[in-house]
Amino acid sequence: MRIPWIAAACLAALPATAALAEDDCHAPRAAWQPREAAMQAASRLGWRVEEIEADDGCWEIEGRDAEGRRIKAKLDPATLNVVKLRHRDGGRDRRREDVRAPAAPLAAPPANPLFQNGKPPVVQVN
Amino acid sequence: MKSAIAAFALTSALVAPGLAAARPVTFTTTLNNYGGDGAYLVLYLTDAAGRYAGTLWVAGGKSKYYDSLAGWYRATGGDPAQIDGITGASVGAGRTLEITLDLADALFDAGYVLHVDAAVEDMRDSPDDVAVPLTTQGAGKPTPGRRYVASLKYDM
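Reference entry: report on the structure contained in this document. (Residues numbered from 1 in each chain as written. Chains lettered and ligands numbered in written order. Predicted model: local features only at pLDDT ≥ 70, side-chain atom pairs only at ≥ 80, totals over all residues.)

Across its full length, chain B carries 2 helices and 9 strands. When the helices and strands of chain B are read in sequence order from the N terminus, they spell out α-β-β-β-α-β-β-β-β-β-β. Out of the 156 residues in chain B, the part that is buried amounts to 42%. Considering only intrachain contacts with a sequence separation of at least 6, the fraction spanning at least 24 residues in chain B is 66%. (Helix = DSSP H or I, 4+ residues; strand = E, 2+ residues; numbered from the N terminus. Buried ≥ 20, exposed ≤ 12 C-beta atoms within 10 Å, placed from the backbone. Contact = placed C-beta atoms within 7 Å.)

Here is the structure:
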């Protein structure tokens, strides 16, 4: 699964206030700090940036940390705070998508003919 | 012939769901400790002719990654209408996803196959990580997966 390279190009086409529900960051376009500011923020953290792009509403950085470990991070584009940081060995020091609370019970049955009796599925992650 | 009867029964079930025989079925998908991000998973069915029959659940919230669930995506084109209301968070390595729903009896012993496609960021996609025929005899028996799925079973 690869991150689409067109994300940065699409960003420019977004309305000024658009923020997608699926995104990891939700700053309006007008509040974004420029790429150079994100690079400087990374530098202050001791990171060596190898790649930077807009993705999932954030600045996404790939490179190495002060200890030389490979990292992949997402910065809030308005505050430049780190919202996700993962070392390439698989660890992540901030929230993991998979440990979010399970989805709330569905309010309406899904529009899917396999489901009988109009009941939504009951889903649990253990 | 059997699949034609099953198709008729399922069609009837869809037209008059109140009259259809259905039972609660729990699908349990356990992941390996593959050492990566949360896995995107999709559980879907094909009929006896191998045609897409419907989606049961999608784990993983970002639709831009759905094309990595290649078998399902080929069948549906990622059509949001197929998964409206049946998506949730991705599933972490080593964890277990349990889905319980009422499923038409006509889907069992009629050639329907349950497929699980899996994908993990920066790792190889795994279409049909596991695929099992829906049979009453197969209930309760775990089937091993190929890459990210340790096992899949259904109970009813």
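The next subject is the nonpolar core. Inside soluble globular proteins, nonpolar side chains tend to come together where they are buried. A39(B), L41(B) and L43(B) are the most contacted members of the largest nonpolar core, which totals 47 residues. Among the nonpolar cores identified, the runner-up in size contains 12 residues, and A38(A), A42(A), W59(A) and I71(A) belong to it. (Core = buried A, V, L, I, M, F, W, Y, C linked by C-beta atoms within 7 Å.)

Residues and elements named next belong to chain A. Mapped onto the elements of the fold, R69 is located in the loop between β2 (58–64) and β3 (70–75). A count of 12 C-beta atoms within 10 Å places R69 in the exposed class. Sequence separation between R69 and R88 is 19 residues, and the spatial gap between their C-alpha atoms is 7.6 Å. Beyond its immediate stretch of four places on either side in the chain, R69 contacts R64 and H87.

Quick look at the pairing of strand β7 (residues 126–133) of chain B now. Residue and element names in this part refer to chain B. Examined bridge by bridge, strand β6 (residues 113–119) and β7 share 5 bridges and lie antiparallel to one another. Paired with L114 across the strands is V132, a residue of β7. Turn length for the β6-β7 hairpin, with the two strands adjacent in sequence and antiparallel, is 6 residues, and the turn residue D122 shows positive phi of about 65°. (Pairing = 2+ DSSP bridges.)

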